[in-house]
Amino acid sequence: MHASKLQLVLSRLVQALPSVLGIIIVTFLMTRALPGDPAVYFAGPAATEQSIEQIRKSLGLDQGLPQQFWIYLADLARGELGTSFSTGIPVKEELLSRLPASLELTLLALLLSVAVAVPLGVLAATRPDTWVDHLCRVLVTAGVSLPVFFTGLFLVYVFYYLLGVAPSPLGRLDIYYLSPPTVTGFYTFDALIAGDFEVLRAALAQLVLPAITMGLFTLAPLARMTRGAMLQVLGSDFIRTARASGLRRSTVLFTYAFRNALLPILTTLGMVFSFMLGSNVLVEKVFAWPGIGSYAIEALIVSDYAAVQGFVLAMALLYVALNLLIDILYTVVDPRVGMDA
Amino acid sequence: MKRREFLRGTTVAAAAGVLPFFKHLPASAAGRADTLVVVTGEGPNSMDIQRTGSNRPSYQIAVNLYDRLLSYGVKTLPDGSLMYDYQTLEPELAVSWKVASDGMSVSFELRQNATFWDGTPVTAADVKWSFDRAVSVGGFPTVQMGAGLLEKPEQFVVVDDHSFRIDFLRQSKLTLPDLGVPVPIIINSKVAMAHASADDPWATEYLHRTPAGGGAFMLERWDPGQQTVYKRFDDWKCGSLPALQRVIIREIPSPATRRALLERGDADVSLDLPPKDFKELHEGGKYRVAGVPIENCLISLGLNMSFEPFRDKRVRQAVAYAIPYAEIFKAAAFERGLPMWGGKSFEPETIDWPQPFPYSTDYEKAKALLVEAGYGEGFEVPLSFDLGLAQWSEPTALLLQEGLAKVGIKAPLDKIPGANWRTKALVEKSLALHIKNFGGWLNYPDYYSYWVYLDGHLFNSMNYRNEEVERLTSETLHLAVDDPAYEPNIKTLLRIFFDEVPNIPIYQPYLDVAMQQTVTGYEYWFHRMLDCRPLRKA
């Protein structure tokens, strides 16, 4: 069992190599194909032909594509992602400070939505066409159809602007707090490690509204998937057999039905998570959250090659890690998976 | 400054009894009279205005953290708001200056007691190093220095520790004013040189993150993409000490959130709101909204000469008559600006700039001109605008499209993403019909003409060339304003601009800033940055 699991991990890692390589090449070529000329952009408002040329040279853009790619590969081999033109700060440093911000928010949002969506889905599946089922349907429809920036602005309007119970939407900490010393990059954990409960409280308070905003959006696919999977499992033969054998309702529901329904839920969870991490730009904008999504968008707007490449690469690696984790979880949940891998 | 270093600094300072930054304070502390909270859409991406790729918000660092030799005076406008005065130069680091009798150099006396933040005195050697840097690093700072004919390091001469001279290559009215723009900052050359290397002789890597100057504020904290915090430099000698101890500038990308923060009282100053919000806040009367027309700036429509029909002057004039000016001013600009249409005569009476052009909406006249030019049945031309400015440029484009349709000109909209705009519009100059928004720092019509009407210059996105404009502009650009040739030259230029209209002005936009009633002392500056030095909070 252990050996096979290790084998699974190793084979997955090996399988990921070509895709990571492909991603490196494709992002390199795609960033070069972006419209707009970074040299012109960075030459500033009063540029002349000559100053644009100077800048092209200083950015290394006067060299041929193969040379540029070679330099990029050599940097990667040394663990360097290059320096962003627009911020003048190494991409690695920016990603390291922004990725935890995104992860902290996304994880909390996911936790919230799982806590609501899974029980709701299960309840809706066990009581089809009752009020719980309808509530589930309403929530799912609302979650999918309300754009996140709208939900975000609406929550800000009600809880911050009208009621004044939420803290000002100023990013990860309110103006008068200092960030805790960095250990994990997660403000909540770092504050705990530093034993600073005041900062912990402040960091959590800042997290609430954006996490709910994102949670509402991720709730929909999760609840729907839970409901669908549960309905399917509950209608299958082995559940009928279990019921006929007089097993307790809770045993049937959780030990037999839920465990079998967990597989599609896990798949959805993984997809939702990776999707949210990169695409919560709108939430980040509304709440001034210094996350990875807004970094990528700003880099794209100014054709900042190193930053875009660094972002895509970081996301690709994260996807690979996440898929691996999900695969391993499958084997825990369902012993049939992974044996023959 | 790295956060760890900062924290270390905090402990030291706390031990000394001056807590520079509170670890946590109740929310009501935002009301502290010596701390100003500013929310803005975009923050600086560098602490060095002279670095390649520094964005516009980085200019505020040059304004607040560094000194220049000269500054400008301040005048009060009829509505009581304050505005810099381009006609008077005032001392900043220099206490006095004198142009030599032959008019070919200027000598500056530097302030005796001025020091940098680290306590070392500011000397003429620092000034020379800083100016040498500005004319040598290339890119934007070098071009901006060049506008004032400051081109070579040999022009900058250290006479003694507190005397400095600039030798002119040629005389120009722009040389002295150019010393007051944000670019020629005085850098602590000893600190900078200690961090320079053979590859990086001007210490661009170091100064990018760590300012080294002697301005009224010092950098307390910079989290790129999140916030910038200034702290007052208590030994500042180059002006009256700011009332504010600390300025916190937070980056809030969403304009709706920026407005909410102001209305909830969590922010003192809110920048870059859409014109609609400024209008509503202004009319609501609960907040102070300072709106000053941006000098030498026009929202205009550019007509590219490479598009066949626009080569005919009558077609260009027809377009100028087919613009629904009043509707655009109302629905796109929300009246936050000055009308630039409806001038009385094609003969300019004054040399005021900008001034309304002699066109107004007249579809009949437009149609007649098109018929005369042989385009009676109309034509099709894409109308391009910068998506980055869509807040006002999209409604403007839609209304333009409607107006042009009435005279048979079909103008499908061509939305161009911000990053692409500069390449397409300014470098390739390939957009047939497009919305422009150029503004010049130095407030002279000939300076505007230099950038916008001279063939091949960056903002001449119209590919316009007129021999008389070429000659007059280069003749007038460095001419003193009281020179007898100045006024007639400008009038001739304006007459050509009116008649030829390759560039049709629509309105002159306001620079709007919304703040709490408690914030006073706001001054409008041509660089459009928030100068925190004169601000006070009651």
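Owing to the predicted nature of the structure, the values given are computational and were not obtained by experimental measurement. (Residues numbered from 1 in each chain as written. Chains lettered and ligands numbered in written order. Predicted model: local features only at pLDDT ≥ 70, side-chain atom pairs only at ≥ 80, totals over all residues.)

This next bit is on the overall build of chain B. When you go through chain B residue by residue, the secondary structure sums to 17 helices and 23 strands. Expected size for 538 residues packed as a compact globule is a radius of gyration near 24 Å; at 25 Å, chain B falls within 12% of this value. Projecting the C-alpha coordinates of chain B onto the three principal axes gives extents of approximately 80 × 60 × 45 Å. When the 538 residues of chain B are sorted by exposure, 51% land in the buried category. Within chain B, counting contacts between residues at least 6 apart in sequence, those at least 24 apart form 69% of the total. (Helix = DSSP H or I, 4+ residues; strand = E, 2+ residues; numbered from the N terminus. Rg over C-alpha atoms; globule rule 2.2 N^0.38 Å. Buried ≥ 20, exposed ≤ 12 C-beta atoms within 10 Å, placed from the backbone. Contact = placed C-beta atoms within 7 Å.)

Next up on the list: the overall build of chain A. A count of helices and strands for chain A gives 14 helices and zero strands. In sequence order, the secondary structure elements of chain A are arranged as α-α-α-α-α-α-α-α-α-α-α-α-α-α. For chain A, the proportion of its 341 residues judged to be buried stands at 42%. Taking the contacts inside chain A whose residues are at least 6 apart along the sequence as the reference set, 70% of them involve residues at least 24 apart.

This part takes up the interface of chain A and chain B. Taken together, the contact between chain A and chain B spans 45 residues of the former and 46 residues of the latter. Within the residue set of the side of chain A that touches chain B, elements represented by two or more residues are helix 2 (38-42), helix 3 (49-58), helix 7 (148-162), helix 9 (197-234), helix 12 (281-286) and helix 13 (292-301) of chain A. Residues of the side of chain A that touches chain B, tallied by class, amount to 27 nonpolar, 14 polar and four charged. (Nonpolar A, V, L, I, M, F, W, Y, C, P; charged D, E, K, R; others polar.)

On to the confidence of the model for chain B. Residue and element names in this part refer to chain B. The predicted model of chain B has a mean per-residue pLDDT of 89, with 94% of residues at 70 or higher. Confidence drops under pLDDT 50 across residues 1-29; counting only partners more than four residues distant or on other chains, this segment forms 27 contacts. With a pTM of 0.81, the predicted complex shows an ipTM of 0.74. (pLDDT = per-residue confidence, 0-100.)

Our focus in this paragraph is the nonpolar core. Core analysis: the biggest nonpolar cluster contains 227 residues, and Leu222 of chain A together with Val38, Val247, Val269, Ala318, Ala322 and Ile506 of chain B have the highest contact counts within it. At 19 residues, helix 9 of chain A tops the list of elements feeding residues into this core. Look past the residues within four positions of Ala318 of chain B in its chain and what remains in contact with it is Ala366, Leu369, Leu370 and Val407 of chain B. Ile55, Val91, Tyr295 and Val302 of chain A belong to the second-largest nonpolar core, a separate cluster that totals 23 residues. (Core = buried A, V, L, I, M, F, W, Y, C linked by C-beta atoms within 7 Å.)

Okay, the environment of Phe385 of chain B next. Residue and element names in this part refer to chain B. Considering the arrangement of structural elements, one finds Phe385 in strand 16 (residues 383-386). Separated by 22 residues in the primary sequence, Phe385 and Tyr363 place their C-alpha atoms 23 Å from one another. With residues up to four places along the chain from it excluded, the contact list for Phe385 reads Ser393, Glu394, Ala397, Lys415, Ile416, His434 and Ile435.

As a further point, take helix 13 (residues 390-405) of chain B. With 16 residues, helix 13 of chain B should reach 22 Å at 1.5 Å per residue; the first-to-last C-alpha distance of 21 Å fits that figure. Buried residues of helix 13 of chain B: Trp392, Ser393, Thr396, Ala397, Leu399, Leu400, Gly403 and Leu404 of chain B, and no others. (Expected span 1.5 Å × (residues − 1).)

What follows covers the packing of helix 13 of chain A against helix 14 (residues 305-333) of chain A. Packed helices, taken two at a time, are described by the angle their axes make and the gap between the axes. All names here are of chain A. Put simply, helix 13 and helix 14 touch, their axes get as near as 8 Å, and they point 145° apart. In this structure, helix 13 meets helix 14 at a crossing whose hand is left-handed. Contacts between helix 13 and helix 14 involve Ile292, Tyr295, Ala296, Ala299 and Leu300 from the first element and Ala307, Val308 and Phe311 from the second. Per-class residue counts for the contact of helix 13 with helix 14 are eight nonpolar, no polar and no charged. (Axes fitted to C-alpha atoms, helices over the stretch in contact; angles between N-to-C directions. Left-handed = near helix turned anticlockwise from the far one by under 90°.)

Before going further, it helps to spend a moment on the packing of helix 10 (residues 313-321) of chain B against helix 12 (residues 363-372) of chain B. Residue and element names in this part refer to chain B. Two numbers describe how helix 10 lies on helix 12: the axes approach to 8 Å, and their chain directions differ by 165°. What the angle tells us is that helix 10 and helix 12 run roughly antiparallel. Helix 12 is crossed by helix 10, and the crossing has left-handed handedness. Within the contact between the two elements, helix 10 uses Arg314, Val315, Gln317, Ala318 and Tyr321 and helix 12 uses Lys365, Ala366, Leu369, Leu370 and Glu372. Split by residue class, the contact of helix 10 with helix 12 holds six nonpolar, one polar and three charged. (Parallel < 35°, antiparallel > 145°, perpendicular 65-115°, else oblique.)

All names here are of chain B. Here the residue pair Trp353 and Pro354 is connected by a cis peptide bond, since its omega of -5° sits within 30 degrees of zero. Positive phi is not limited to glycine here, since Leu149 has a value of about 60°. On the basis of neighbour counts, which here come to 18 C-beta atoms within 10 Å, the residue Leu149 falls in the partly exposed class. A positive phi angle, near 65°, is found at Arg528, a position not held by glycine. For Arg528, the location among the structural elements is in the loop between strand 22 (523-524) and strand 23 (536-537). Here Arg528 falls in the partly exposed class, since 18 other C-beta atoms lie within 10 Å of it.

As a further point, take the sheet that holds strand 5 (residues 105-110) of chain B. Residue and element names in this part refer to chain B. Taken together, four strands build an open sheet; the order of strands is 4-5-7-6 and the sheet is antiparallel. Of all the strands in the sheet, the pair left with one neighbour each is strand 4 (94-99) and strand 6 (156-160). Strand after strand, the sheet turns through a mean of 20° between neighbouring axes, direction not considered. Strand direction decides the pairing type here: strand 4 and strand 5, joined by five bridges, are antiparallel. Among the inter-strand pairings, Ser96 is bridged to a residue of strand 5, identified as Glu109. (Pairing = 2+ DSSP bridges.)

Attention now goes to the environment of Phe217 of chain A. Residue and element names in this part refer to chain A. By the element assignment, Phe217 lies in helix 9. Put simply, Phe217 and Tyr161 are 56 residues apart on the chain and 22 Å apart in space, counted from C-alpha to C-alpha. Contact partners of Phe217, with chain neighbours within four places excluded, come to Gly143 and Val148.

This part is about helix 4 (residues 140-147) of chain B. Buried residues dominate helix 4 of chain B, accounting for six of its eight residues. For helix 4 of chain B, the full list of buried residues reads Phe140, Pro141, Thr142, Gln144, Met145 and Ala147 of chain B. Its buried side turned inward, helix 4 of chain B meets helix 3 of chain A together with helix 3 (124-136) and helix 5 (175-178) of chain B. Positive phi appears at Leu149 of chain B, one or two residues downstream of helix 4 of chain B, with a value of about 60°.

Moving on to the sheet that holds strand 22 of chain B. All names here are of chain B. On the basis of which strands lie adjacent, the open sheet formed by three strands has the order 2-3-22 and mixed pairing. The open sheet is flanked by strand 2 (70-76) and strand 22, the only strands paired with a single partner. Here strand 3 (residues 82-91) runs beside strand 22; their pairing, made up of two bridges, is parallel. Each residue of the ladder has a partner; that of Leu82, found in strand 22, is Glu523.

Residue and element names in this part refer to chain B. Most of strand 9 (residues 227-232) sits out of view: five of its six residues are buried. Pairing geometry for strand 8 (residues 217-223) and strand 9, over six bridges, is antiparallel. Residue Trp222 lies in a different strand from strand 9, and its bridge partner there is Thr228. Where strand 8 hands over to strand 9, the hairpin turn is made up of three residues, of which Gly225 adopts a positive phi near 85°. Looking at chain direction, strand 9 and strand 10 (residues 246-251) are connected through five bridges and run antiparallel. Following the sheet pairing, Thr228 is matched in strand 10 by Ile249.

What follows covers the pairing of strand 6 of chain B. All names here are of chain B. Pairing of strand 6 with strand 7 (residues 163-167), which is carried by four bridges, proceeds in the antiparallel orientation. Paired with Asp160 across the two strands is Ser163, which belongs to strand 7. As consecutive antiparallel partners, strand 6 and strand 7 are separated by two residues.

For chain A, the mean per-residue pLDDT works out to 83, and 94% of the residues sit at or above 70. Between the elements of chain A, mean pLDDT differs from a low of 73, seen in helix 2 of chain A, to a high of 90, seen in helix 5 (residues 91-126) of chain A.

Moving on: the environment of Gln516 of chain B. All names here are of chain B. With respect to the helices, strands and loops of the structure, Gln516 is situated in the loop between strand 20 (503-515) and strand 21 (519-520). Accessibility expressed as a C-beta count within 10 Å gives 21 for Gln516, which makes it buried. When the C-alpha positions of Gln516 and Ala267 are compared, they lie 8.1 Å apart, and in sequence the two are 249 residues distant. When residues no more than four places from it in sequence are discounted, the contact partners of Gln516 are Asp268 and Tyr287.

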